[in-house]
Amino acid sequence: MKRFWSILLCMLLVFTMALTGCTSQAPAAPADSDSAAGDKPDEMKNEFKAQITFNGSSTLAPVISAIATDFIEGYTTWNKVDPSFPEQNIAIYVSAGGSGAGVKAVLEDTSDFGMLAREIKTEEKEKIGDAKDFTLGIDALTISINPENPLVKLRDSLTTEEVKKIFAGEYKFWDELDSKLPHKEIVVVIRDLSGGAHEVFQKSVMGETQIRPDAIQSPSMGALVTKVIENKDAIGYASFGMVNQNKGKLIPLKVDGVEPTEENIVNGSYKISRPLIVVKRGELTPEQKAFMDVVTSEKGAKIIEQMGFVPVK
């Protein structure tokens, strides 16, 4: 029964993030603030923090939440992780608001860890100071369309220039891309401007060209994918992991003839890729290290792979 409620709560958390991109913190599993601290000295009781907080990328948030669920179900209380820890319930809080929000949370000390689905900028590292970062995996932004879009039967690849013209609004109707397509308006779906995906796509594809101002901005990667699934005239840069989680519900296109496969993402031939990173200011506390050891372990890598991403090996 405990396992059922733990999984249910985590599923509700990830579902909420996918729909709203909510920035408020919600627990990956229930915590008991009145748990006994065992026979540890009062100093350790005061210093030890039974909860760990993560904020940032909506792409990475469900991954950390899944690893946290497995960690909590395996141990329940901290003393089972390490006998030197007090007997307090483990609580790991994960919230999504975009990669920029993750960096901001670390800078303002409102979260222990920031989650990013892009590289950490040099100026961000300088502001954080003693930054500790962990690259967990690699993701890619796939140019994806609805399976019912007539383009699926006509072509399986777009050039970078064509993608650029679509997202800039130079092509407003599908028949402007190809005369064999119907005269239907192209619905462009993007992440909101605070998301790491927006920065990666702008840098990798758009350059100095701006995305059309009427593009639909989604509060999370899950919301972006949902928009493409629901609209046969939509196109968006869907996360590789989200495409794998929704196989058959949207179709990723090749870019310049290169398919977004794990091999092509790792070797760099697929150009729109990005790292999945967790960052923290300063040294990790013993309890934080215990959890991050699992996140960066083979077990963590397996969960990352199960979620559709490419783990760092």
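All figures in this text were calculated on a predicted structure; none of them were measured in a lab.

Let us look at the packing of aromatic side chains. One pass over the structure, following the stated rule, counts 11 aromatic pairs. On the basis of an interplanar angle of 55 degrees and a centroid distance of 4.7 Å, the ring pair of F167 and F201 is categorised as tilted. With F167 in helix α8 (residues 160–168) and F201 in helix α10 (residues 196–206), this residue pair connects regions lying 34 residues apart in the sequence. Using a relative accessible area of 0% as the deciding quantity, one classes F167 as buried. Take F201: its relative accessible area is 0%, and that puts it in the buried class. Three or more aromatic residues joined by ring pairs make a cluster, and in this case those are F48, F54, F71, Y75, W78, F85, F113 and F291.

The next point concerns the confidence of the model for the protein. When the pLDDT values of the protein are averaged, the result is 88; 85% of them are 70 or greater. A low-confidence stretch, residues 1–27 stays under pLDDT 50, and its non-local contacts, those more than four residues away or across chains, total 54 contacts. Between residues 29–46, whose pLDDT stays under 50, and residues either more than four places distant or in other chains, the model counts 27 contacts.

A few words on the side chain of N146. Tracing the backbone through its elements, the reader meets N146 in the loop between β5 (131–145) and α7 (151–154). For N146, a relative accessible area of 4% gives the class buried. A polar contact is formed between the side chain of N146 and the backbone oxygen of I229, at a distance of 2.9 Å. Once residues lying within four places of it in the same chain are set aside, the contact partners of N146 are V152, V228, I229, E230, N231, K232 and A234.

Further remarks concern the packing of helix α3 (residues 61–75) against helix α14 (residues 286–295). For any two helices packed against each other, the geometry is given by the interaxial angle and the distance between the axes. Two elements in contact, α3 and α14, have axes separated by 10 Å at closest approach and are oriented at 110 degrees. On the basis of their axis angle, the class for α3 and α14 is roughly perpendicular. As for how α3 packs across α14, the hand of that crossing is right-handed. Taking contact as the criterion, the partners of I64, I67, A68 and F71 in α3 are, on α14, A290, F291, V294 and V295.

Attention now goes to the environment of I90. Within the secondary structure layout, I90 lies in the loop between α4 (78–81) and β3 (91–96). Of the residues examined, I90 reaches a relative accessible area of 1% and is grouped as buried. It is 5.9 Å that separates the C-alpha atoms of I90 and W78, two residues lying 12 residues apart in sequence.

Sheet topology note: the β5/strand β10 (residues 251–255) ladder contains three bridges and is antiparallel. The residue bridging I145 from the neighbouring strand is I251, located in β10. Judged from the two bridges that link them, strand β6 (residues 157–158) and β10 form a sheet pairing that is parallel. Following the sheet pairing, S157 is matched in β10 by K254.

Calculation rules
- Numbering of residues starts from 1 in every chain and runs along the sequence as written.
- It should be noted that, the model being predicted, local features are given only for residues of pLDDT at least 70 and side-chain atom pairs only at 80 or more, the latter also being counted only at that level, while totals for whole chains, interfaces and linings use all residues.
- The basis for every side-chain value is the complete set of heavy atoms in the structure, and neither hydrogens nor water enter the calculation.
- Only centres within 6.5 Å qualify two rings of Phe, Tyr or Trp (six-membered ring in Trp) as a pair; their planes then separate them into stacked at under 30 degrees, edge-to-face at over 60, and tilted for everything else.
- Starting at the N terminus, helices and strands are each numbered in turn, a helix being any DSSP run of H or I of at least four residues and a strand any DSSP run of E of at least two.
- A simple rule labels every residue: compare its accessible area, found with a 1.4 Å probe on the protein chains alone, to the largest value its type can have, and call it buried under 20%, exposed over 50%, or partly exposed in between.
- Per-residue confidence from the prediction method is given by pLDDT, with values spanning 0 to 100.
- Every residue pair with non-hydrogen atoms within 4.5 Å of one another is taken to be in contact.
- Residues adjacent in sequence count toward polar contacts only when both atoms are side-chain atoms; beyond that, a polar contact is any pair of N or O atoms within 3.5 Å, and within protein one must be able to donate a hydrogen and the other to accept it.
- Where helices are involved, their axes are fitted lines through C-alpha atoms of the stretch in contact, as for all axes, and angles between N-to-C directions lie from 0 to 180°.
- Should an angle fall under 35 degrees it is taken as roughly parallel, and over 145 as roughly antiparallel, whereas 65 to 115 is taken as roughly perpendicular and any remaining angle as oblique.
- Should the near helix be turned anticlockwise from the far one by less than a right angle, the crossing is left-handed, and should it be turned clockwise, the crossing is right-handed.
- Pairs of strands are assigned from DSSP output, requiring at least two bridges between the strands.

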